[in-house]
Amino acid sequence: MKRILGFIFILLLAADHTVAKSNSSPAGQLIHRLALIGRKGVMYGHQDDPFYGITWAWDIGRSDTKELTGDYPAVMGFELGGIEVGDECNLDSVPFVRIREEIRNHYRRGGIITISWHPRNPLLGTTAWIEQDTLAYNAAVDALRQLNQCRLAGEVINPKATCGSVLEGGSEYDNFQLRLSRVTDFLVSLTDDKGNAIPVIFRPWHEANGSWFWWGRGVCGDDEYLRLWNMTQDYIRQRLPDSIVWAYSPNLQGDWTLDTWLTRYPGDDRVDLIGIDAYQWGTEEEFVNQLAADLYIVSDIAQARGKLLALTECGYRNSPDPTWWSRVLLPAIEPYPIVYFLPWRNWCKEHFGASKDAATAEDFKRLAESKACLLSEDIKKIK
C-alpha cells in the first residue's frame, strides 16, 4: 500500500516538476515517463549490459539479460570515466564510440539510459579512487618526518586538496573546465535518428558519503562538494538545459537522519532523482537492516520533495545465494516507490547482474516471467 500511495504522490509531484522543466523538454518527458512506469512496477537495470557478460566480451548484439530472459534490461547503465582526459575507451576498456552506439540502440527500443562518471584525479593524475593515494601520501610524509625533512613533508601533495583544486581559484580549475567540456561534448552527441537529444539520467559525484573517491566525505569538505556539484551542473546546463535528468545517489549507510542526509544534498532545484547505491558485502541480515533503515528515511525525503527514487547501484558479488533476487532484494525494496534497481556489471569472475551463467539464473527468470520486475518490452509502450 505504501508503494502504491507513494507512486501516486510522486506522479503528481513529478508532473508539476515536469511542467517546471517544460512538458515538451526531453528531461521533463523522461521524468514523467519514469513516474508512469513506476505505477506498473520496478524496472530492472544493468550496467554495461551490451558489452560483456560472465562468459563473453565485446560480441555485438549479445546481452546476459537477453540470453536469460529473451529481453533486454529496461534500464542500461553506461560509464564515462576517462573521457575527461581524451581517452578513446572508458576506464573499463569500452570504446566511447560503442557506448554512443549502444545508447542509441537502447533508446530506439524504448529503454531508459543512465550514465555514471568516475573521473580521474585531476590533481594527482591517478584514478577516481583515493584510498591508495592517501596511503601513499601518509607513507611519504612519515618517511620524510623520520628523516627530519619536515619542510619537504609539507610539499608532498595531499589528496585532500584535490576537490578544492578544481574549484574556481584552484590550481586545476582551468584543467577541469576542459574536462567538463569533453563530458559535455559527449552528452551533446547523444541524439536520436532525427537529430533530437536523447534524454538520459546523469549520476555524477555519487557515493559522496564514503571516503573512497576524491569527492567523498573525509577527503572533500561538504561545502567543496556542493560547489563541485553546482559547478558541474551549471557548466553542462549551459549547453544541455533540458535533456538531463540529474540523479543524486549516496551510498548505503544504515543510520541516516534527515539532517545528516541533507548535508550534501544539492537542492530540490538541482536534483530530479534520488538514489541509493546498495551492495550486500556482509551478511544478509546486515544488508537487509541497513537497506530498510535507509529506504525508510530516503523514500520519505523523495516523496516530500516530489523526486523519483531508485536503487542506482546494487548487487551481491558472484551471486552466491541462488534465491537472492526473490528472497532478499525484491522483498526489501517492494514497500518503497522505487522506479528501478541497477545491478553492476558482469565481467568474468566478478559479476552482479542476471545471467544464465549465474547461480541466480532460475530465480531471476521466474521474476522476469512473473513481471515482478520490468524489462525493455514491458515499458516500451509506456510514454
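Look above for the structure.
Source: prediction; values computed, not measured.

(A) Region of interest: the nonpolar core. Membership of the largest hydrophobic core comes to 83 residues, with the highest contact counts inside it found for Ile 115, Leu 187, Leu 228, Ile 333 and Phe 341. Sorting elements by how many residues they give to this core places helix H12 (residues 324-333) first, with seven residues. In this structure, Leu 34, Met 43, Leu 308 and Ala 310 belong to the second largest nonpolar core, which totals 26 residues.

(B) Quick peek at the side chain of Asp 71. Here Asp 71 shows up in the loop between helix H3 (64-69) and strand S2 (75-79). We note that Asp 71 is buried and unpaired, the nearest opposite charge coming from Lys 371 at a distance of 6.4 Å. Reaching out from Asp 71, the side chain makes a polar contact with the backbone nitrogen of Ser 376 at a distance of 3.3 Å. Setting aside anything within four residues of it in sequence, one finds Asp 71 in contact with Thr 65, Lys 66, Leu 375, Ser 376, Glu 377 and Asp 378.

(C) Main features of the environment of Thr 232. Tracing the backbone shows Thr 232 in helix H9 (residues 222-239). Residues Thr 232 and Thr 184 lie 48 residues apart in sequence; the distance between their C-alpha atoms is 9.7 Å. With residues up to four places along the chain from it excluded, the contact list for Thr 232 reads Trp 117, Leu 180, Trp 205 and Trp 246.

(D) Seen up close, the side chain of Asp 277. You can see Asp 277 is positioned in strand S6 (residues 273-279). The residues touching Asp 277, leaving out its near neighbours within four places in the chain, are Arg 203, His 206, Glu 207, Ser 249, Pro 250, Asn 251, Leu 252, Thr 312 and Glu 313.

(E) How the structure looks around helix H11 (residues 284-305). Helix length check: H11, at 22 residues, gives a terminal C-alpha distance of 31 Å against a target of 32 Å (1.5 Å per residue), a fit within 8%. Of all the bends in H11, the greatest measures close to 25° and is centred on Leu 295. Just downstream of H11, Gly 306 is the residue with a positive phi angle, here 70°.

The rules we used
Residues numbered from 1 in each chain as written. Predicted model: local features only at pLDDT ≥ 70, side-chain atom pairs only at ≥ 80, totals over all residues. Heavy atoms only, no water. Core = buried A, V, L, I, M, F, W, Y, C linked by side-chain atoms within 4.5 Å. Buried < 20%, exposed > 50% of the residue type's maximum accessible area, 1.4 Å probe, protein only. Helix = DSSP H or I, 4+ residues; strand = E, 2+ residues; numbered from the N terminus. Lys, Arg positive; Asp, Glu negative; His and termini not counted. Salt bridge = Lys/Arg side-chain N within 4 Å of Asp/Glu carboxyl O. Polar contact = N/O pair within 3.5 Å; in protein donor to acceptor, adjacent residues only side chain to side chain. Contact = heavy atoms within 4.5 Å. Expected span 1.5 Å × (residues − 1). Bend = angle between axes of the 7 residues up to and from the residue.

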